[in-house]
Amino acid sequence: MNDLETRAAAARPGALRRAAPALLGYAAVRGLGLVVLALWSEARGKSAYTLLTARWDSLWYTRVAELGYGYEVRLPNGDVHSNLAFFPLLPWLERLAAAVSPLSYADGGFVVSLLASLAAAWGIFAVADHLYGRRAGVCAVLLWAVLPVGIVQSMAYSESLFTALAAWALYAVLTGRWVTAGLLAGLAGLTRPVGLAVVAAVWAAGVAAFLRERSGSSFVGDGSAVPAGGARDGSHAGPPSGAPRTGAPDGAPPSPHAPGVRLRRVVGMLLAPLGAAGYVLWVGDRTGGGLLGYLDVQAGWRNGFDGGYAFALFVAGRFTSFPSALAGVALVVGVALVVWLHVLCVRRGQPLPLLVHAGTVTALALCASSYFGSKPRLLMPAFPLLLPLALALARARTRLLAAGLGAVAAGSATYGAFWLNGSGPP
């Protein structure tokens, strides 16, 4: 079975039927969020659609789509905000949508994000279903939908597009479709700087596979084999221990030693970094900054990587007065929760590419030196962190699960409307 054949097998009509409950549940949650946002915005005399498509980063993306690169804003303090900081895939799709339809660039961004959010939900379901079963897959998608900043998934931002590419790239790695994984990782690298996380996941799995071949081990920790039972239909969420399924049933990808498998793996690994590397090198050439040109562009936004020092100072600063101390406590609890979830993923034997992806996304988000209010949305692509919670929820009774997630969805929709009508995403 070659890469094209396995892709065709994954795209069979039954795959969509299997994912339908997750996609319908996701659409319901996001629809609730949009309705609450519309009502809240109307009460405040604002346009919900403008908040979704023509504020904050959305404006920068549409300017790239309309005018191309080269636009910049010089601030009184000397900082230079250049649109070269924004990767090109979303603007390209906005331009394509405007070229083939009567949509504006902003409309195109909104449509792309809506479609990409559904693709992301399907990809998250595919990964979770592959590892833990259908019920856990549905829970994983709903957990991603009800994140407090989940409204960003419906904005003309690149988070949904990136998460869709990342999820399907990881699924391709888990099922041994190396060329597909490399192509999707390359596209993810054209979407956001954190595309590095998807590249790292593909490379980690590829290197692990090569090492496993050399040692002659049957270890499957890279997750590049179809689990026992494949994508079987069942009400159980997986093994009681929470460990990913393993094994090589009928329909699994060919053996790592089969002819052509190594070549496809190498091709996938070589394709993976091309998107991010190509854009970074192009920016360096355009700015005259060489290999460090993109870092200079980010420095103009006062954004860099300092190991979390600036963020730690920011959190510590919240404890200087009582009202802000509550926010400081919330930040500490939030960071501790993220770290605990990653440790839990490691302890439960989550496949290596998922651990690498989530770990890299988390490190880049928490260790960035600026835009501290953006960190919750920057963490959204780290969806593997939700899988232990999804596995636990999958064992709950359906009525209790529906009531609990429904209440959280209502809270998320309310917070999203409040947030966008207030400070909103930085």
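Preceding block: the structure.
Now for a look at the structure at hand. Remember, it's a predicted structure, so these values are computed and weren't measured experimentally. (Residues numbered from 1 in each chain as written. Predicted model: local features only at pLDDT ≥ 70, side-chain atom pairs only at ≥ 80, totals over all residues. Heavy atoms only, no water.)

## So, the packing of aromatic side chains
Turning to step 1, where the next piece is worked out: Inspection of every chain in the model, using the stated rule, returns 20 aromatic pairs.
Turning to step 2, where the next piece is worked out: Ring centres of Phe311 and Phe314 lie 6.5 Å apart, and the angle between their planes is 15°; this geometry places the pair in the stacked category. Of this pair, Phe311 and Phe314 are both found in helix 14 (residues 309–317), three residues apart, which corresponds to roughly one turn of the helix.
Turning to step 3, where the next piece is worked out: Here Phe311 and Phe372 contribute two aromatic rings whose centre-to-centre distance is 5.9 Å and whose plane-to-plane angle is 25°, an arrangement assigned as stacked. Of this pair, Phe311 sits in helix 14 while Phe372 sits in the loop between helix 16 (352–366) and helix 17 (375–378), placing them 61 residues apart in sequence.
Turning to step 4, where the next piece is worked out: Using a relative accessible area of 8% as the deciding quantity, one classes Phe311 as buried.
Turning to step 5, where the next piece is worked out: Its relative accessible area of 21% is what places Phe372 among the partly exposed residues.
Turning to step 6, where the next piece is worked out: Grouping aromatic residues by their ring pairs yields a cluster made of Trp60, Tyr61, Tyr71, Phe86 and Trp301.
Turning to step 7, where the next piece is worked out: Positioned above the aromatic ring of Phe210 is the side chain of Arg265, whose terminal nitrogen or guanidinium carbon lies 4.5 Å from the ring centre.
Turning to step 8, where the next piece is worked out: Its guanidinium or amino end placed over the ring of Phe311, Lys375 lies 5.0 Å from that ring's centre, counting from NZ or CZ. (Phe/Tyr/Trp six-rings, centres within 6.5 Å; stacked < 30°, edge-to-face > 60°. Helix = DSSP H or I, 4+ residues; strand = E, 2+ residues; numbered from the N terminus. Buried < 20%, exposed > 50% of the residue type's maximum accessible area, 1.4 Å probe, protein only. Lys NZ or Arg CZ within 6 Å of the ring centre and 35° of its normal.)

## Notes on the nonpolar core
Turning to step 1, where the next piece is worked out: Within the largest apolar cluster, 55 residues are counted, with the highest numbers of intra-cluster contacts made by Leu37, Trp144 and Leu420.
Turning to step 2, where the next piece is worked out: Breaking this core down by element, the ones donating at least two residues are helix 2 (13–43), helix 3 (48–53), helix 6 (105–132), helix 7 (134–145), helix 8 (159–174), helix 18 (387–393) and helix 19 (398–420).
Turning to step 3, where the next piece is worked out: The residues contacting Leu420, other than those within four sequence positions of it, are Leu37, Leu51, Leu52, Trp56, Ile151, Met155 and Pro425.
Turning to step 4, where the next piece is worked out: Counting 52 residues, the second largest nonpolar core, distinct from the first, contains Leu161, Ala205, Val361 and Ala382. (Core = buried A, V, L, I, M, F, W, Y, C linked by side-chain atoms within 4.5 Å. Contact = heavy atoms within 4.5 Å.)

## Describing helix 5 (residues 89–100)
Turning to step 1, where the next piece is worked out: Relative to the 16 Å expected for 12 residues at 1.5 Å per residue, helix 5 spans 17 Å between its end C-alpha atoms, a close match to the ideal helical length.
Turning to step 2, where the next piece is worked out: Buried within helix 5 are the following residues: Leu89, Leu90, Pro91, Glu94 and Ala97.
Turning to step 3, where the next piece is worked out: Residues of helix 5 that are buried make contact with helix 4 (57–67), helix 6, helix 8 and helix 9 (178–188). (Expected span 1.5 Å × (residues − 1).)

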